[in-house]
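An overview of the molecular structure
Residues per chain are reported as follows:
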Amino acid sequence: MWGLPFKKMVKSPAEIELIKESSLLVSKTLAELANHIKPGVTPLFLDKLAEEFIRDHGAVPGFKGYGDFPNTLCFSINSAVVHGIPNNTVVKEDDVLSIDCGTIMNEFYGDQAFTFAMAGVEMEVIKLLQVTRKSLSLGIEQAIVGKRVGDIGFAIQQYCEKEHGYGVVRELVGHGLGKSLHEDPEVPNYGRKGQGTKLLENMVLAIEPMINLGTRDVVSAQDGWTILTKDGKVSAHYEHDIVVKKEKAEILTDFEVIDQAIKKNNYLQEIVE
Ligand code: MG
Ligand code: MG
């Protein structure tokens, strides 16, 4: 018999449809931002653009006011891992921009992150982004009925840490998604095969590897929000919302619209897995 917590983690097809609508709006919002990223633009400008775009589509920003977070986007540049607060610093031609965005539509959250590379970013860092994005796909491959949360984390950790020598952030994890932004189960980007919560059909998970070029250690910035790499090296973050299925997870968010926008923007580099 399922305990109550398990029941809550499994969504109905109708609920999944609503989460999908919210998730796709986040993808479209990130694609809209990709149309406007260029040297000289400010995170705060992009934040306002995102908020308008979300509200114009009948939703509200999911992060604004969440735990007193002040903005629509978490905007984390270079050595910032996650939770950066958009400000008036200008974006430079060799910056790495990790943008995390959430929406609430019909009471359900969507949540997606993408790390953008400006045209001047060097190959060593592009490689980090490619590997991080690929690790997300490897994690999603494990999100099927019969596997456990630890299988997802193991796949991500193995690829990033063992195969590429990058730092896998331990302090921040993926999560269940629904009427709350962060639901059970927690989905760490590290773990052991066959360990942790059992994956059941129609669980909705946000899987989000946060991978550092250097060591895995992170510190909190003075602003109380931004998480930075301790060694000051670059970090990458990609996130999809997915539904656990029997054969293959269904991905609710969409990178394709973002990739298309990047292709048309000469100030940005494509990130292929
Ligand atoms: Mg997110
Ligand atoms: Mg998330």
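Further up the page is the structure itself.
What this report covers is the structure whose coordinates are included nearby. These numbers were taken from a predicted model, which means no experiment stands behind them.

**Section: the coordination of the magnesium ion (ligand 1)**
Binding of the magnesium ion (ligand 1) to the protein goes through Asp100 (OD), Asp100 (OD), Asp111 (OD) and Glu239 (OE), at separations of 2.1 to 2.5 Å. Look at where the donors of the magnesium ion (ligand 1) fall in the sequence and you get D-x10-D-x127-E. Separating the magnesium ion (ligand 1) from the magnesium ion (ligand 2) is a gap of 3.1 Å, which aspartate 111 spans by donating to each of them. Here glutamate 239 lies in the loop between strand S13 (235-237) and strand S14 (240-243) and aspartate 100 lies in strand S4 (residues 96-105), a separation of 139 residues in the sequence.

**Describing the pattern of salt bridges**
Applying the stated criterion across every chain yields a total of 9 salt bridges. Residue glutamate 183 pairs with lysine 11 through a salt bridge whose shortest N-O separation is 2.9 Å. Pair noted here: glutamate 183 is in strand S8 (residues 183-187) and lysine 11 is in the loop between helix H1 (4-9) and helix H2 (13-36), with a separation of 172 residues, a long-range link. The exposure class of lysine 11 is buried, given its relative accessible area of 6%. Note that glutamate 161 is salt-bridged to arginine 170, the shortest N-O span being 3.1 Å. Residue arginine 170 is classed as buried on the basis of its relative accessible area of 18%. One continuous salt-bridge network, built from bridges that share partners, spans Glu51, Arg55 and Lys64.

**A few points about the coordination of the magnesium ion (ligand 2)**
Angles at a metal have ideal values that depend on geometry: 109.5 degrees with four tetrahedral donors, 90 or 180 degrees with six octahedral donors. Of the protein atoms, only Asp111 (OD), His175 (NE2), Glu208 (OE) and Glu239 (OE) coordinate the magnesium ion (ligand 2), at distances of 2.1 to 2.2 Å. Every donor residue of the magnesium ion (ligand 2) comes from the same chain, spaced as D-x63-H-x32-E-x30-E.

**Some thoughts on the environment of aspartate 94**
If you trace the backbone, aspartate 94 turns up in the loop between strand S3 (80-82) and S4. Residues aspartate 94 and lysine 245, 151 residues apart in the sequence, show an inter-C-alpha distance of 40 Å. With residues up to four places along the chain from it excluded, the contact list for aspartate 94 reads Asn78, Met118, Gly120 and Val121.

Cut-offs applied
Note that residues are indexed from 1 along each chain, following the sequence as it is written. Chain letters and ligand numbers both follow the written order, the letters beginning at A and the numbers at 1. Reporting of local features is limited, given that this is a predicted model, to residues whose pLDDT is at least 70; pairs of side-chain atoms are given and counted only at 80 or more, and all residues count toward the totals for whole chains, interfaces and linings. Think of the side-chain values as coming from all heavy atoms in the structure, minus any hydrogens and water. Donor selection uses N, O and S atoms within 2.8 Å of the metal (3.2 Å for Na, K and Ca). Since no water is included, sites may look incomplete. The helix and strand labels rest on DSSP assignments: H or I over at least four residues marks a helix, E over at least two residues marks a strand, and numbering proceeds from the N terminus. What counts as a salt bridge is simple: a side-chain nitrogen of Lys or Arg found within 4 Å of a carboxyl oxygen of Asp or Glu. Between buried and exposed lies partly exposed: a residue is buried under 20% and exposed over 50% of the maximum accessible area for its type, with that area taken using a 1.4 Å probe on protein chains only. The contact definition used throughout considers only heavy atoms, calling two residues in contact when any of these lie within 4.5 Å.

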